[in-house]
Amino acid sequence: MISMANDYTLVNWDYVEQHQSEFISDLTHSHEALTKFGIINTTGNYHEYNIFGATSPSVHMYKLFSALRAIIRDKLGYDDRLWIQSWVNFHTRDQVLDWHNHDAKWHGYVSIDPKDTTTEFERGFKIENKVGNIYLGPGYNRHRVVNNSEYDGVRITIGFDVLTDENSSPDPTHNFGCIPLL
């Protein structure tokens, strides 16, 4: 059985910082392609695609997927079936996410170009977002993004939810963003 209760994991994977420009390029290209295909809001329509499929065959995204898989499997201690849905958040300073929750048992995000922001959690802790941060914690933990200062450009993160047999849908067409976490 998986149990993280109120615990969370925060890992800084320096590979993202070392290859940040390539990640930004790959994700920007994929974001543009997704919007051309009709996914206007890549955050709000997270269930319509998976960013790891949309960025295929990016070597850097492949390495990130492999790192996420290892972190998730290790931290959750779970060898059975898991699925991951993942999406890209492209937000200007005025578009950062207000208080929200996730239906999945576990939620996480990867900071690619987080700008000067903090993620605040309702359970009383905050994470200063830094390039390469990988957060994994309970999905039922309301949180929001707070801008710490003015910045130009787009804040880029990859959000992900981890699903088990307990919270996956019996309808395979319910969530096209879900892929097996083998």
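The structure presented is a predicted model; accordingly, all values stated were derived computationally and were not measured.

Caption draft 1: Expanded view of helix α4 (residues 59-76). The terminal C-alpha atoms of α4 lie 26 Å apart, and with 18 residues this matches the ideal 26 Å at 1.5 Å per residue to within 8%. Buried within α4 are the following residues: His60, Met61, Leu64, Phe65, Ala67, Leu68, Ile71, Ile72, Arg73 and Leu76. Two to three positions downstream of the cap, the backbone nitrogen of His60 sits 3.3 Å from a side-chain oxygen, assigning the N-cap of α4 to Ser58. At the exit of α4 stands Gly77, carrying a positive phi of roughly 60°.

Caption draft 2: Spotlight on the pattern of salt bridges. The full count for this structure, using the stated rule, is six salt bridges. For Asp74, the salt bridge identified is with Lys75, shortest N-O distance 3.8 Å. Note on Lys75: relative accessible area 40%, which makes it partly exposed. Note that Arg93 is salt-bridged to Glu150, the shortest N-O span being 3.7 Å. Residue Arg93 is found in the loop between β2 (83-91) and β3 (106-113), and its partner Glu150 is found in the loop between β7 (143-147) and β8 (155-163); the two are separated by 57 residues along the sequence.

Caption draft 3: Looking closely at the environment of Ile51. Along the polypeptide, Ile51 turns up in helix α3 (residues 51-54). Along the primary structure Ile51 and Gln95 are separated by 44 residues, whereas in three dimensions their C-alpha atoms are 20 Å apart.

Caption draft 4: Quick peek at unusual backbone geometry. Omega for the bond connecting Ser56 with Pro57 falls within 30 degrees of zero, at 5°, which places this linkage in the cis form. Mapped onto the elements, Pro57 comes out in the loop between α3 and α4. Positioned with a positive phi, Lys115 is a non-glycine residue whose angle comes to about 55°. Looking at Lys115, the relative accessible area reads 25%, which means it is partly exposed.

Caption draft 5: Representation of the pairing of β7. Covered by surrounding structure in β7 are His143, Val145 and Asn147 only, the residues Arg144 and Val146 on the alternate face being uncovered. In this structure, strand β4 (residues 117-121) lies alongside β7, joined through five bridges in antiparallel fashion. Bridge pairing in β7 places Thr119 opposite Val145.

Analysis parameters
- Residues numbered from 1 in each chain as written.
- Predicted model: local features only at pLDDT ≥ 70, side-chain atom pairs only at ≥ 80, totals over all residues.
- Heavy atoms only, no water.
- Helix = DSSP H or I, 4+ residues; strand = E, 2+ residues; numbered from the N terminus.
- Expected span 1.5 Å × (residues − 1).
- Buried < 20%, exposed > 50% of the residue type's maximum accessible area, 1.4 Å probe, protein only.
- Polar contact = N/O pair within 3.5 Å; in protein donor to acceptor, adjacent residues only side chain to side chain.
- Salt bridge = Lys/Arg side-chain N within 4 Å of Asp/Glu carboxyl O.
- Pairing = 2+ DSSP bridges.

The values are spatial; any link to function lies outside them.
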